[in-house]
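Chain and residue survey
The chain contents come next:
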Amino acid sequence: MDFNIVERHETLVAGTVLRSPALAVEGPRRQKVEEAWKRTLARRLPGPPATAYVDHAPEIGSYLTHIVGYRCESLDDLQPGDVLARIPAAKFARFLRTGDDLGDTIVSIWRAVWDLEAAGALVRAYTGDFEHYPDAGTVEVFVALQSDSLTDVPSGSATHGISTAENR
């Protein structure tokens, strides 16, 4: 799966917290994520829908906290009862994909991320990852990278060069 390297500003995501010892891609965990999204999208959100993965736990090789919610421009956007996550500015691998089933599309991107990581094509920073949904069938996933890993991206796996993804 192709990806490109981008620089992103700090990103704030607020919403409902799901505890996720691993990304919920199948079975009952995925159903809980889908239910959380239904509740979230039924509300009036102050920003575009977004997901954040934060609070990495190296001992289990996964994030502990999965936030289903919306992107905030500032703390003023935070709605009562929601939790705010801050994803620091960094360089990210950016994956963009469109499909008929958004859940399946998200799963396919994350499986590709895990495969690329296992192959050594990505060295993740685990400072926070972020999903953005430009429309009902499209997902844009930003995976934080260790800055020293950017020179080792294999040819053909990425679009070379670094761009800025500030307004997404």
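Since this is a predicted model, take the numbers as computed values, not measurements.

**Quick word on the confidence of the model for the protein**
Taken residue by residue, the protein gives an average pLDDT of 85. The fraction at 70 or more is 83%. Summarising per-element confidence for the protein, the mean pLDDT is lowest in strand E9 (residues 158-164) (43) and highest in strand E6 (residues 90-98) (97). Across residues 151-164, where pLDDT falls below 50, the model places 25 contacts with residues more than four positions away in sequence or in other chains.

**Concerning the pattern of salt bridges**
A complete count under the given rule lists six salt bridges for this structure. A salt bridge links Glu10 to Arg86, with the nearest nitrogen and oxygen atoms 2.4 Å apart. Of this pair, Glu10 sits in the loop between strand E1 (3-8) and strand E2 (11-19) while Arg86 sits in strand E5 (residues 83-87), placing them 76 residues apart in sequence. The closest approach of N and O atoms between Arg71 and Glu73, which form a salt bridge, is 3.8 Å. With relative accessibility at 10%, the residue Arg71 sits in the buried group. Through salt bridges that share partners, Glu117, Arg124 and Asp129 make up one connected network.

**Section: the nonpolar core**
Of all hydrophobic cores here, the largest spans 23 residues; its most connected members are Ala93, Phe95 and Leu122. Going through the elements one at a time, E1, helix H1 (27-41), strand E4 (62-72), E6, helix H2 (102-118) and strand E8 (138-144) are the ones with two or more residues in this core. Counting residues per element, this core draws most heavily on H2, at five residues. With residues near it in sequence (within four places) discarded, Phe95 still touches Met1, Asp2, Phe3, Ile109, Val113, Leu116, Leu122, Val139, Glu140, Val141 and Val143.

Conventions used here
- Residues numbered from 1 in each chain as written.
- Predicted model: local features only at pLDDT ≥ 70, side-chain atom pairs only at ≥ 80, totals over all residues.
- Heavy atoms only, no water.
- pLDDT = per-residue confidence, 0-100.
- Helix = DSSP H or I, 4+ residues; strand = E, 2+ residues; numbered from the N terminus.
- Contact = heavy atoms within 4.5 Å.
- Salt bridge = Lys/Arg side-chain N within 4 Å of Asp/Glu carboxyl O.
- Buried < 20%, exposed > 50% of the residue type's maximum accessible area, 1.4 Å probe, protein only.
- Core = buried A, V, L, I, M, F, W, Y, C linked by side-chain atoms within 4.5 Å.

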